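Each chain, written out:
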Amino acid sequence: MASAPPTPRASTSNGEGAAEGSPADTRASRGVLLVGLVLAGCVPTLSQPRGEAHLAAMREATTHHHHGRMDEAAAAWGEASRAAERRVDRDEADYRRARALLRVERTDEALAILDDLAARRPVGRRTVRARFDAALIRLDRGEAAPAMEAFEHIVREHPGDGPASRSLRLWMDHHEDEPDAQLAFLRALYERVGDTDLGDDVLTFVAAIHRARGERDAAIAAYERLLEDHPYPHGQRWDETLHRLADMAVEAEDYDAAVAYLERMIAIHAHTITPGSQTLPGMPRARLRIARIYRDHLDDPDRAAAHFRGTHDRFDTSRLRDDALYELGAMWLDRGRRDEGCRVLEEVVREFEVGHARREAAERLERDCPRGR
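Computed from a predicted structure; not experimentally measured. (Residues numbered from 1 in each chain as written. Predicted model: local features only at pLDDT ≥ 70, side-chain atom pairs only at ≥ 80, totals over all residues. Heavy atoms only, no water.)

Q: Which parts of the structure should I look at to understand the pattern of salt bridges?
A: Side chains bearing opposite charge may pair, as long as their charged atoms lie close to each other. For the structure shown, the criterion picks out 38 salt bridges. With its nearest N and O atoms 3.2 Å apart, the salt bridge here joins Glu79 to Arg82. Placement of both Glu79 and Arg82 in helix H3 (residues 70–83) is noted, with a separation of three residues, approximately one turn of the helix. A salt bridge links Arg364 to Asp368; its shortest N-O distance comes to 2.9 Å. In this pair, Arg364 and Asp368 are both assigned in helix H18 (residues 356–368), four residues apart and thus about one turn of the helix distant. Taking the relative accessible area as the measure of exposure, Arg364 reaches 12% and is therefore buried. Put simply, Arg87, Asp91, Asp94, Asp116 and Arg120 are held in one network by salt bridges that share partners. (Salt bridge = Lys/Arg side-chain N within 4 Å of Asp/Glu carboxyl O. Helix = DSSP H or I, 4+ residues; strand = E, 2+ residues; numbered from the N terminus. Buried < 20%, exposed > 50% of the residue type's maximum accessible area, 1.4 Å probe, protein only.)

Dropping the structure here:
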């Protein structure tokens, strides 16, 4: 059985729901992450480094780095580490040195530096990242056991740190053929980190495993717990979870339940007036999905029309606005209400200069809305 890892929170211009990912995606992510480790630029420290000798060595290293002289950059960052007056500056110089060494495939040296950084106490700014990068190197070398140990340590001890979500995804991918072991690990992990940013990732994995095994009630329970424990606006997967619950309702042909799940997002958007409130990517997509359900499954064109129009009118920055307006016009044409349909399609052509929806609207206007109608 293949686990289905959480996906990035991203909006798509079309489609009825966000995919939950695939093992192939996560296997490919190993290589992508390692390439990113080797090639990505260095992240600056959050505080101003100090010490003249340290600063001079850092400037020299940065110059070498920008000109692609990685051996020289590594040497200069080594000098910057030795000259550092503070632990934070030494850690940063060592981390940059390790990355430069990776660029020239001096992997053993880089790994030794990363291991040393990961072992330093107290935990510093680069501690968790160094452990994660070292685990990626070992995973790429086929040394799965120490890599998994590192990923487990990160998700258990540092669930709020940047690499935690990716560590969990890589651990799950490695154990994709052991769903019972995955569930046991995830349940124990949630007891430990459920109130952190990693908690909704954990529950998403739990739900995906149950869903893949056909355990519908258990999957719904995990998704519902996610909504309860990680609500809007703090839950990172709140909107995509409602979409997945709607997917399951549609699969069961329970269209009223699907609408109810999606309307939870619409209600939040309609009543959120706090300054800085967030329109999540899933919100306009939810309204468009409601319109399609009323049109295609519940035979209620008037409610469908209200939601098609609402998608256009209430989400000024959404890329779905033209699709919603075109589908509204096309629906009226298909139901024999030509005047209404033609007026809406003319609106699409006037408002949107380019795009698939505009082209479709123009074609239907030409075919179904002759001049002088």
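Structure shown, so let's carry the discussion forward.
Q: Just to check I follow, could you spell out unusual backbone geometry for this structure?
A: Keep in mind that most residues, glycine aside, have a negative phi and that most peptide bonds are trans. Across the junction of Arg121 and Pro122, the peptide omega takes the value 0 degrees, indicating a cis bond. Locating Pro122 in the fold gives a position in the loop between helix H5 (107–119) and helix H6 (127–140). Note that the residue after Tyr232, namely Pro233, is joined by a cis bond; omega there is 5 degrees. With respect to the element layout, Pro233 can be found in the loop between helix H11 (216–229) and helix H12 (238–251). Residues other than glycine seldom take positive phi values, yet Glu105 does so here, at roughly 60 degrees. What makes Glu105 exposed here is its relative accessible area of 69%. Within the chain, Asp299 stands out as a residue other than glycine whose phi angle is a positive 50 degrees. Looking at the secondary structure, you find Asp299 in the loop between helix H14 (282–296) and helix H15 (301–314).

Q: Can you walk me through H5 in this structure?
A: Owing to its 3.6 residues per turn, the α-helix brings residues three or four apart onto one side. Counted at 1.5 Å a residue, the expected span for H5 with its 13 residues is 18 Å, and the 18 Å between its end C-alpha atoms agrees. Along H5, the residues classified as buried are Ala110, Leu111, Ile113, Leu114, Leu117 and Ala118. Seen from one end, H5 has its buried residues packed into an arc of 165 degrees, which puts them on one side. Those residues of H5 that are exposed and aimed more than 90 degrees away from the buried face are Asp108 and Ala119. Of the surrounding elements, those touching the buried residues of H5 are helix H4 (87–103) and H6. (Expected span 1.5 Å × (residues − 1). Arc of directions from axis to C-beta. Contact = heavy atoms within 4.5 Å.)

Q: Whenever I open this one, the state of the cysteines confuses me. Can you help?
A: Throughout this description, disulfide means a covalent bond between two cysteine sulfur atoms. This model, assessed by the stated rule, comprises one disulfide. Across a sulfur-sulfur distance of 1.9 Å, Cys342 and Cys369 are joined as a disulfide pair. In this structure, the disulfide formed by Cys342 and Cys369 twists by about -90 degrees around the S-S bond and is classed as left-handed. With Cys342 in helix H17 (residues 338–351) and Cys369 in the segment after H18, the pair connects residues that are 27 residues apart, well separated along the chain. There is no split in this pair, since Cys342 and Cys369 are both buried. (Disulfide = S-S within 2.5 Å.)

Q: I would appreciate a short explanation of the nonpolar core in the present structure.
A: Across soluble globular proteins, nonpolar side chains show a tendency to be buried alongside one another. Phe151, Leu168, Leu186, Val202, Trp238, Phe308 and Leu328 are the most contacted members of the largest nonpolar core, which totals 79 residues. If sequence neighbours within four positions are ignored, Phe151 has contacts with Phe132, Ala135, Leu136, Leu139, Ser167 and Leu170. (Core = buried A, V, L, I, M, F, W, Y, C linked by side-chain atoms within 4.5 Å.)

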